[in-house]
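If you want the building blocks of each chain, they are given just below.
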Protein chains: 4
Amino acid sequence: MPVPAANLYPPFNIVRLSHVEYRVTDLAASRAFYVDTLGLQVTDEDDQTIYLRAMEERGHHCIVLVKAGAPSVGVLGFKVFDEGDLDRAAAFFTARGLPVEWVTRPFMGRTLRTRDPWGIPLEFYARMDRLPPIHQKYKLYNGVKPLRIDHFNMFAADVDASVGFYNDIGFRVTEYTEDSETGRLWAAWMHRKGGVHDVAFTNGLGPRLHHTAFWVPTPLNIIDLLDLMSTTGYLANIERGPGRHGISNAFFLYVRDPDGHRIEIYCSDYQTVDPDLEPIRWNLKDPQRQTLWGAPAPRSWFEEGSMFEGAEPVASALQAQPIIAP
Amino acid sequence: MPVPAANLYPPFNIVRLSHVEYRVTDLAASRAFYVDTLGLQVTDEDDQTIYLRAMEERGHHCIVLVKAGAPSVGVLGFKVFDEGDLDRAAAFFTARGLPVEWVTRPFMGRTLRTRDPWGIPLEFYARMDRLPPIHQKYKLYNGVKPLRIDHFNMFAADVDASVGFYNDIGFRVTEYTEDSETGRLWAAWMHRKGGVHDVAFTNGLGPRLHHTAFWVPTPLNIIDLLDLMSTTGYLANIERGPGRHGISNAFFLYVRDPDGHRIEIYCSDYQTVDPDLEPIRWNLKDPQRQTLWGAPAPRSWFEEGSMFEGAEPVASALQAQPIIAP
Amino acid sequence: MPVPAANLYPPFNIVRLSHVEYRVTDLAASRAFYVDTLGLQVTDEDDQTIYLRAMEERGHHCIVLVKAGAPSVGVLGFKVFDEGDLDRAAAFFTARGLPVEWVTRPFMGRTLRTRDPWGIPLEFYARMDRLPPIHQKYKLYNGVKPLRIDHFNMFAADVDASVGFYNDIGFRVTEYTEDSETGRLWAAWMHRKGGVHDVAFTNGLGPRLHHTAFWVPTPLNIIDLLDLMSTTGYLANIERGPGRHGISNAFFLYVRDPDGHRIEIYCSDYQTVDPDLEPIRWNLKDPQRQTLWGAPAPRSWFEEGSMFEGAEPVASALQAQPIIAP
Amino acid sequence: MPVPAANLYPPFNIVRLSHVEYRVTDLAASRAFYVDTLGLQVTDEDDQTIYLRAMEERGHHCIVLVKAGAPSVGVLGFKVFDEGDLDRAAAFFTARGLPVEWVTRPFMGRTLRTRDPWGIPLEFYARMDRLPPIHQKYKLYNGVKPLRIDHFNMFAADVDASVGFYNDIGFRVTEYTEDSETGRLWAAWMHRKGGVHDVAFTNGLGPRLHHTAFWVPTPLNIIDLLDLMSTTGYLANIERGPGRHGISNAFFLYVRDPDGHRIEIYCSDYQTVDPDLEPIRWNLKDPQRQTLWGAPAPRSWFEEGSMFEGAEPVASALQAQPIIAP
């Protein structure tokens, strides 16, 4: 098996993925997309920055939109269990020779900024401002009715290496795609919070962010979003789906924001809290791993991604994945 | 407007489409598809023929599967209002110089067999055996939970002419696609029973049957069918969808039976009983007419269809439709 | 069988129920209910009157809200096939000794006003102003996403007599409840447009309007409305449901408007266009006829209704229906 | 606040609730209910015992049905993180003066049997036989399509005390009902696995098991089960619902098995992994805590429960809860 054994006693305790900072070129256009179309709720905004949360989240934000000259990803944020975990994380990254910095972030407590070995900017915190529940304020539900941020998916030039590193910090592999000819990992899904993934890695020019996903109640909400987007000027922003992934078993849709950042709308994966959960292996040659129903993904979905601020992507050494022609 | 005015006082009263006879090469394979996978109910069968109905139908059958050496369509059946309508229909077809024959069909009363001007075999009847209701026998619901036959869609080499003929016998256009450059009809949807269509015609090598459609309760039943087919050996039989049509606004899926006959699973179109309902015009250049969400149909969907017994298709004089590359 | 044989050749051709005029005491409160909560679309309004349509309707209105000192129902409206049907209707009602008057109504063509033998105010018309389609303007969908008006349900003091009269004008019984001890009809559902009913009658102090129903896409829209109403101050307006009726097989919810007028939200009944459709008989003693799942209706649902303008209700001669205690 | 602060560093690590042993008087009747109606999958059976799992579970069983002379609950099972946790659990219960025994259970590794201070039989284990995934074998999905066991709900004669004890072993309160007059807890919901609860306690004659809950994909699956049960002889087994709980925000249905054991079908609660998640307080006087939409629960739901083997229930000292009359 090409995936490492689950690291059940990691050096610090990450609770879940938490938030992403998207740098965007037109705040009003992004607001129309994330707030008026997807239905995320504004928790704070000025003329440079918009903070958003989903309907069942009580942490202050899951997306930060920051006005910038060019689109990129400023940071991926993760919540750790307690303040001691922050210190243990700092020690871990320092020991690995990675940059460690304590930074100040609005609405957040003590925050550790670092990068993974490929330059992906990461921030860890234990406490963020908490907001009153809105999950039963049904008048606010809108768009696709997003309930919570679910995961990040990243291109990696060396998936084996990325999986090794994130396994070291406690992410556990739930499913993976293996190139049976080389024995190399093509892709892997890794979790902390008890779903199929908090983070995933796919072979390609990396590091780049492939997408951020939001959990919604049912497939019908995704159909509602398709109807809305296709009749309000967002037809070209619909990239792939709806469909069911073989991997994760989730019902999905991929859309692109006005700057091209990719958002997945996602529901119905499964619970993964058992520490002895066996990872599910998929063969790179099996097209049902991507779409259980057989429909191929478009070329853009395989090739395009968002740049991380300060991280220069490099090509994968693996042979390019054969894109299945529709 | 290239569509004829609604013919509100037709020569005889067709209530609705009723049934189709599919000639199939392997009855057991067809049974596995229509009964065990789609969920239609067997009302009679022997080693040559299987009769099927959907869950809310009380007429004896909506599909007849007949064992044959090669796949084809034996007949399209329609229910008329009363016995007098049968006689008026016979007079109408005779006056048009079309073949008229009174035939005996199991489970059916007096039956008129004829052909439309392009050779499509048609049968009209007023009374078919009635069966006890099963729509509240929920233990029987299975597969996609098909509720009723909804419509036939046919390739026609001259859509203007086909629409003219079917308008003469009372079918009313609800939506249509016009080639704005030539002013010719590309496709049209025509109803009797108060939905978007009982019959539709699309430009192409015709006459051929493009598909027969079944109505299901919600889009989630279509998702269930996709999950079932893609994990029980029917992956290659999934042809197009799921998606929402621009035309008809219906949520759809197209699948192929073991002989290649195409079945549409369909829900959520709209009521059309108003005699002054204005037909909706679509431009041939608008890809959203086919899929509101923008996803293109595969080439097979544009090109393949079932042969009608005894009718030789001819090419359309119109220029081939540009197939939108995915 | 206590129901009359279907009258297949009625004296004039009613296409469908069309609209209701509700007299309401507070237009702003009614607007908040029908527009902001149920999601009906305003097509015209001033300080005395609001006209509403549902999402797939192209006729100008299905509800007229009229400011009044006390709540009542001004009229039930029906669309007939053509202008000749209006004249035939006038002749029919005149021959029955019922009041006939040609009235002028905004947004409508020639309109015949009359009453049924128990005083229910009825209006018939062939043509109403037509509006552009909005069923694919998904940004407008809101509340319960009402698609179209579906039926009226009325209390009648003599259901046998009411069914006889409405059968005379072409309504066909689809289901009915019989008091097996007396052989009398307790309730009946009668259609013109091809669903389970356009009108229904239930034994009780009558005539009164029990409810007007709207068709919605799926049961999930009804759940959405429950969530919305129960968290926006409308908790007390939820009267009964959700549930599935035995009769009609429809999924339902009953809510009350600010004046107590009852609205049913309704989906998933079945097609009834066959002229030989056999009515389904239910026994008055079978509680599943009301709720297939067994939950009883509250007392208010059995007893309360809206008064028709100018019609004095009288008690039924039948013994009061035993209300099933929860 | 009457709930204890979250115990973030408990003496041993419980991963989740795992399984329940129901003693039943007629194995065939129970099989018809749990397998043919609810859709659970048999993983082992003989003439004394049936083992069941839900569709996404890989552990060998979530329910054990054991033939017995009278219905009761044999044990509530919980999975701990590793073998060391089992030893730490043994030490904890021993220190509390509670009975500790190492028992042998089919399909399970080392198993610790004990009781809580009120006599509820508990078993803890780290490893159970693992079975191949079936969550993508869609042909097997049946009934309500149960995905996984979700929680246990118990009557407790002293909810404050029960919450204190289970808090000591790491269960964290997510929502609770307080009697504002006495300041006493009326009920509380406590989790380990990241949903609203693994266990809940409600005031009443206790200890008794109120219900075991299963998670399903969407509310439509619950509607399907209602349709199925009400037409296959299980009408009287439908006890309460469908509805949405105020507490937990979940869509629910309660049904009773042939011996009266109560099963909840449940979906759409929310994620609770944040260690700083604030418990939500409900007032005992607020009827929306039970059903957001206002419908009352039947008396049986408040009063009836399953006896735990070897535990004699005692009355609560709190005043009986006012049952809201429908």
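Residues numbered from 1 in each chain as written. Chains lettered and ligands numbered in written order. Predicted model: local features only at pLDDT ≥ 70, side-chain atom pairs only at ≥ 80, totals over all residues. Heavy atoms only, no water.

A word on the relation of the copies chain B and chain D
For the pair chain B and chain D, the relating rotation is 180°, the translation along its axis is 0.0 Å, and the fit reaches an RMSD of 0.0 Å. Such values leave the two copies arranged in the relation of a two-fold axis. No C-alpha of chain B lies nearer the rotation axis than that of B:Leu220, which sits 4.3 Å from it. Taken together, the interface assignments show that 100% of the residues at the interface of chain B recur at the interface of chain D, consistent with an identical surface on both copies. (Least-squares fit on C-alpha atoms with pLDDT ≥ 70 in both. Contact = heavy atoms within 4.5 Å.)

Description of the interface of chain D and chain A
Facing the 36 residues of chain D at the interface are 36 residues of chain A. Both faces combined, the contact of chain D with chain A buries some 3,400 Å², and carbon together with sulfur accounts for 48% of it. Ranking the residues of chain D by area buried against chain A places D:Arg58, D:Phe81 and D:Gln271 at the top, with a combined share of 17%. For the pair chain D and chain A, the number of links is 14 salt bridges. D:Asp276 is the partner of A:Arg127 in a salt bridge, and the nearest nitrogen-oxygen pair spans 3.8 Å. Looking at the side of chain D that touches chain A residue by residue, the classes come out as 14 nonpolar, seven polar and 15 charged. (Buried area = accessible area lost by both parts, 1.4 Å probe. Salt bridge = Lys/Arg side-chain N within 4 Å of Asp/Glu carboxyl O. Nonpolar A, V, L, I, M, F, W, Y, C, P; charged D, E, K, R; others polar.)

So, the relation of the copies chain D and chain A
If you rotate chain D by 180° and push it 0.0 Å along the axis, it lands on chain A with an RMSD of 0.0 Å. With an isologous cut-off of 70% or more, the 100% of interface residues of chain D that recur at the interface of chain A puts this contact in the isologous class.

Focus on the sheet that holds strand β6 (residues 100-103) of chain B
Two pairing modes exist for strands in a sheet, parallel and antiparallel, and in both the strands are linked by backbone hydrogen bonds. All names here are of chain B. One open sheet holds the eight strands; their spatial order is β2-β3-β4-β1-β5-β8-β7-β6, and the pairing between them is mixed. Two strands lie at the open edges of the sheet, namely β2 (41-45) and β6, each paired on one side alone. Averaged over all pairs of adjacent strands, the angle between strand axes in this sheet comes to 25°, irrespective of strand direction. Bridging between strand β1 (residues 14-24) and strand β5 (residues 72-80) involves eight bridges; their strand directions are antiparallel. (Pairing = 2+ DSSP bridges. Helix = DSSP H or I, 4+ residues; strand = E, 2+ residues; numbered from the N terminus. Axes fitted to C-alpha atoms, helices over the stretch in contact; angles between N-to-C directions.)

Brief notes about the sheet that holds strand β2 (residues 41-45) of chain D
All names here are of chain D. On the basis of which strands lie adjacent, the open sheet formed by eight strands has the order β2-β3-β4-β1-β5-β8-β7-β6 and mixed pairing. Of all the strands in the sheet, the pair left with one neighbour each is β2 and β6 (100-103). Along the sheet, successive strands turn relative to each other by an average axial angle of 25°, direction set aside. In this sheet, strand β4 (residues 63-67) lies alongside strand β3 (residues 49-53) in antiparallel orientation, the contact comprising four bridges. Across the sheet, the residue bridging to Ile 50 is Leu 65, located in β4. Along the sheet, helix α2 (residues 83-95) contacts β5 (72-80), β6, β7 (111-115) and β8 (121-125); its crossing angle with β6, the most-contacted strand, is approximately 150°.

Thoughts on the side chain of A:His151
Residue and element names in this part refer to chain A. Following the sequence through the fold, His 151 ends up in strand β9 (residues 148-156). Polar contacts involving the side chain of His 151 include one to the side chain of Asp 150, which spans 2.7 Å. In terms of polar contacts, His 151 uses its side chain to reach the side chain of His 211, at 3.2 Å. Residues within four places of His 151 in sequence aside, it is in contact with Leu 17, His 197, Asp 198, His 211, Thr 212, Ala 213, Glu 264 and Tyr 266. (Polar contact = N/O pair within 3.5 Å; in protein donor to acceptor, adjacent residues only side chain to side chain.)

As for helix α1 (residues 27-37) of chain A
Here α1(A) has its buried residues at A:Leu27, A:Ser30, A:Phe33, A:Tyr34, A:Val35 and A:Thr37. Two residues or fewer after α1(A) comes A:Gly39, characterised by a positive phi angle close to 95°. (Buried < 20%, exposed > 50% of the residue type's maximum accessible area, 1.4 Å probe, protein only.)

A look at the domain arrangement of chain A
All names here are of chain A. Segmenting chain A into domains produces domain 1 (14-132) and domain 2 (143-307). Each of domain 1 and domain 2 has a C-alpha centre, and the two are 20 Å apart. With 42 residues of domain 1 in contact, the opposing surface of domain 2 contributes 41 residues. Across the interface of domain 1 and domain 2, roughly 3,400 Å² is buried in total on both sides, 70% from carbon and sulfur atoms. Our count for the domain 1 to domain 2 interface comes out at two salt bridges. The shortest N-O distance in the salt bridge between Arg 96 and Asp 168 comes to 2.7 Å. Joining domain 1 to domain 2, the criterion identifies 14 residue pairs in polar contact (both at pLDDT 80 or more). At the level of secondary structure, the elements contributing two or more residues to the side of domain 1 that touches domain 2 comprise β1 (14-24), α1, β5 (72-80) and α2 (83-95). Among the elements that take part in the side of domain 1 that touches domain 2, β1 stands out by supplying ten residues, more than any other. Residues of the side of domain 1 that touches domain 2, tallied by class, amount to 27 nonpolar, eight polar and seven charged. (Domains from an automatic or database assignment.)

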